[in-house]
Amino acid sequence: MGVSRLDVFYRRLLLSKLFIGGWGKPEDLKRIFEFRKYIGDRERCRSLVPEDYPVHINKTEEHTDYQIHEGFFISPLEHLVPGILPPEAVKARFQFIVPKKWQKNRPVCIHLAGTGDHFFWRRRTLMARPMVKEAGMASLLLESPYYGYRKPKDQMRSCLKNVSDLLVMGGALILESTVLLHWLEREGYWPLGMTGISMGGYMASLAVTNWPKPIPLIPCLSWSTASSVFTTGVLSKAVNWKELEKQYAINSVYEEEIIKLLEYCGVDSFKMAPEFAKNDDSLSLSGDVRVSVGQSTRAGGEAEAELVDQVLSPGTSGGGLGYLPRSPGANNPLQGTKTESTKCSRPSLHRESISFMKGVMDECTHMANFSVPVDPSLIIVVQAKEDAYIPRTGVLSLQEIWPGCEVRYLNGGHISAYLFKQSVFRRAIYDTFDRFCLKYPNLH
């Protein structure tokens, strides 16, 4: 399947750079990876967020057929990993759009923000208000850390300053979503579900992996990992590779210490595919993505066949997810490339940085590195066939990671789907909630 012309063109219009500050403090990365081990295991972190965690409503607006409640609470991440959030992001803010007349039950869908979705206007206008009219469904819009009122003063628009910022955002949103789900349960709303578009879909998926009950999940225009977004998708052109390469070369802590903390070992991980960056012709030495319109960077069928061969090959385990046991002395394709330069020629710094990026992103965003949602049949994924922002080749599919989930494909790319397919996203939400009510009519 080819990639969307509009996706490629739109990316060329945006001149801003991501991660101008680099990887982030090594100490922060270490703390994030350690915390990931806890939130990646649903059973280990059942008590991380108390069911009576305080949530406050400080303003209510009356409209013709709905109310808008504005509220806030302190992000649990501030208590669990103190100081990891910027001061501006510690207070989590949300809007709760509630219909004045319910059609059936009191359903609420939590919407997490996509890239560039500051404050609440976009989600309120395109999703929440139509959902009140079409289905009598309430929507809770959570503002992401680093966005809107929670944006650090030194951050330019939506461009996260450090790679670590995206990982902190994900950890915060998992915990904050749990706070809101508990609160909605206490207030008597049912059924509850989660959705998001693009980055919001990734974050909603991560949040649901941590929820201990069956719950509807509708991730739109997202996939199994964010690593491909920043290494092979068109957004990789916006990454400040020059600064990342410089820091990776100068500070040996990334290669000698941080890499040892990366535990994801799926068949699509950088550990299992050391030639990832070396053989990927979609990446030039400047970090640009060479896309010929009408052609994908790799043939989807070939990539899928390779993955199947790797999954079924001897030595893999974990129900087809390609997990391998990690031993203390496990060979790491990147580890030691500098110290063993006399034995083999060192890959280019750019390629090493891409592989490191893949490892870091997979560690904290790959769905196979987190618990499987309690009931994957309550998941409807909406994907664009020609999405150039969210590459699907070369990574595990959500169907492999979450057997039983449904994937619906739209014609076109990421941008056109975002602009013109909101009604399709809403239809998927209604269908998933209906499926939940049929399967769990007494689960409240």
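Treat the numbers as computed from the prediction; the structure is a model and nothing was measured.

Peer 1: Can you help me understand the overall build of the protein in this one?
Peer 2: Looking only at helices and strands, one finds 15 helices and nine strands in the protein. Every one of the 444 residues in the protein was classed for burial, and the buried ones make up 57%. Within the protein, counting contacts between residues at least 6 apart in sequence, those at least 24 apart form 79% of the total.

Peer 1: When you look at the pairing of strand β8 (residues 380-384) in this model, what are you seeing that I'm missing?
Peer 2: Within a regular strand, side chains alternate between the sheet's two faces. Burial analysis of β8 places five of its five residues in the buried class, which makes it a mostly covered element. Side chains of β8 alternate between two faces, with I380, V382 and A384 and V381 and Q383 buried alike. Bridge count for β8 against strand β9 (residues 406-410) is five bridges, and the pairing is parallel. Bridged to I380 within β9 is E406.

Peer 1: Sorry, what's going on with the side chain of T225 here?
Peer 2: Along the polypeptide, T225 turns up in the loop between β7 (217-220) and α7 (227-231). Engagement of the side chain of T225 in a polar contact is seen with the backbone nitrogen of S227, the distance being 3.1 Å. Residues contacting T225, with those up to four places away along its chain left out, are Y202, M361, D362, T365, H366 and V395.

Peer 1: Which parts of the structure should I look at to understand helix α12 (residues 349-365)?
Peer 2: Spacing of three or four residues puts side chains on the same side of an α-helix, whose turn is 3.6 residues. For α12, which comprises 17 residues, the first-to-last C-alpha distance of 24 Å matches the rise-based estimate of 24 Å (1.5 Å per residue) to within 8%. A large share of α12 lies buried, amounting to 15 of its 17 residues.

Peer 1: What's the story with the packing of helix α2 (residues 26-39) against helix α5 (residues 163-186) in this structure? I'm lost.
Peer 2: Geometry of a packed helix pair, given as the angle between the helix axes and the separation of the axes. The geometry of α2 relative to α5 is characterised by a closest axis approach of 10 Å and an angle of 30° between their N-to-C directions. Judged on the interaxial angle alone, α5 and α2 are roughly parallel. The chirality of how α2 crosses α5 is left-handed. Residues L29, I32, F33, F35 and I39 of α2 form the contact with α5, whose own contacting residues are S164, L167, V168, G171, I174 and L175. Taken together, the residues that form the contact of α2 with α5 break down as nine nonpolar, two polar and no charged.

Peer 1: Hey, could you run me through the pairing of strand β4 (residues 108-112) in this one?
Peer 2: Extensive coverage of β4 is indicated by the burial of five of its five residues. Covered by surrounding structure in β4 are V108, I110 and L112 together with C109 and H111, the residues of both alternating faces. Two elements, β4 and strand β5 (residues 138-142), share five bridges in a ladder whose sense is parallel. Across the sheet, the residue bridging to C109 is S139, located in β5.

Peer 1: Please explain helix α15 (residues 422-439) as it appears in this structure.
Peer 2: A rise of 1.5 Å per residue sets the reference length of α15, with its 18 residues, at 26 Å; its end C-alpha atoms lie 26 Å apart and thus fit the reference within 8%. Along α15, the residues classified as buried are Q422, F425, R426, A428, I429, Y430, T432, F433 and F436.

Peer 1: When you look at the nonpolar core in this model, what are you seeing that I'm missing?
Peer 2: Burial of nonpolar side chains together is a common tendency in soluble globular proteins. Formed by 101 residues in total, the largest nonpolar core has its most connected members in F96, M194, F230 and M357. If one sorts the elements of this core by residue count, α5 sits on top with 14 residues. Setting aside its immediate chain neighbours within four residues, F230 contacts L18, F19, L166, L235, S236, V239, W241, M357 and M361. Counting 20 residues, the second-largest nonpolar core is a separate cluster that includes M131, L410, A417 and A428.

Peer 1: Quick question: what am I supposed to make of the packing of α2 against α12 here?
Peer 2: Running from amino to carboxyl end, α2 crosses α12 at an angle of 35°, the nearest separation of the two axes being 9 Å. Taken together, the residues of α12 that come into contact with α2 (itself represented by I32, F33 and R36) are V360, E363 and C364. A class-by-class count of the residues in the contact of α2 with α12 yields four nonpolar, no polar and two charged.

Peer 1: Can you help me understand the environment of A135 in this one?
Peer 2: Turning to its location among the elements, A135 is positioned in helix α4 (residues 121-135). Sequence-wise, A135 and R426 are 291 residues apart; in three dimensions their C-alpha atoms are separated by 9.5 Å. Excluding anything up to four places from it in sequence, A135 contacts Q103 and Y430.

Peer 1: Just checking my understanding: could you explain the state of the cysteines for this structure?
Peer 2: Working definition: the covalent bond between the sulfur atoms of two cysteines is a disulfide. Scanning the model with the defined rule gives zero disulfides in all. With no disulfide of its own, C220 lies 9.0 Å from the sulfur of C109, the closest cysteine sulfur. According to the relative accessible area criterion, C220 is buried, its value standing at 1%.

Peer 1: Mind showing me how you'd approach the pattern of salt bridges here?
Peer 2: For side chains of opposite charge, pairing can occur when their charged atoms come near one another. Under the counting rule described, the total for this entry stands at 19 salt bridges. Across the pair E263 and K37 runs a salt bridge, and its minimum N-O distance is 3.6 Å. Of the two residues, E263 sits in the loop between α9 (253-258) and α10 (276-279) while K37 sits in helix α2, which places them 226 residues apart along the sequence. Note that K153 is salt-bridged to E88, the shortest N-O span being 3.6 Å. Remark: E88 occurs in the loop between α3 (76-80) and β3 (91-99) and K153 occurs in the loop between β5 and α5; sequence separation between them is 65 residues. Residues joined in a network through salt bridges with shared partners are E34, R36, K37, E263 and E363.

Peer 1: For this particular structure, what's the right way to read the packing of aromatic side chains?
Peer 2: In this structure the tally under the stated criterion is 14 aromatic pairs. Ring geometry for F19 versus F230: centroids 5.5 Å apart, planes at 55°, classification tilted. Note that F19 is positioned in the loop between α1 (5-13) and α2 and F230 in helix α7, a separation of 211 residues in sequence. Look at F19 and you get buried, because its relative accessible area is 1%. Sitting over the ring of F370, R36 keeps its end group 5.7 Å from the ring centre. It is R392 that lies over the ring of W223; its NZ or CZ is 6.0 Å from the centre.

Peer 1: Is there a simple way to think about the environment of K133 in this case?
Peer 2: For K133, the location among the structural elements is in helix α4. On a C-alpha basis, the gap between K133 and Q103 in space is 9.9 Å, while along the polypeptide they are 30 residues apart.

What counts, and at which threshold
- Residues numbered from 1 in each chain as written.
- Predicted model: local features only at pLDDT ≥ 70, side-chain atom pairs only at ≥ 80, totals over all residues.
- Heavy atoms only, no water.
- Helix = DSSP H or I, 4+ residues; strand = E, 2+ residues; numbered from the N terminus.
- Buried < 20%, exposed > 50% of the residue type's maximum accessible area, 1.4 Å probe, protein only.
- Contact = heavy atoms within 4.5 Å.
- Pairing = 2+ DSSP bridges.
- Polar contact = N/O pair within 3.5 Å; in protein donor to acceptor, adjacent residues only side chain to side chain.
- Expected span 1.5 Å × (residues − 1).
- Axes fitted to C-alpha atoms, helices over the stretch in contact; angles between N-to-C directions.
- Parallel < 35°, antiparallel > 145°, perpendicular 65-115°, else oblique.
- Left-handed = near helix turned anticlockwise from the far one by under 90°.
- Nonpolar A, V, L, I, M, F, W, Y, C, P; charged D, E, K, R; others polar.
- Core = buried A, V, L, I, M, F, W, Y, C linked by side-chain atoms within 4.5 Å.
- Disulfide = S-S within 2.5 Å.
- Salt bridge = Lys/Arg side-chain N within 4 Å of Asp/Glu carboxyl O.
- Phe/Tyr/Trp six-rings, centres within 6.5 Å; stacked < 30°, edge-to-face > 60°.
- Lys NZ or Arg CZ within 6 Å of the ring centre and 35° of its normal.

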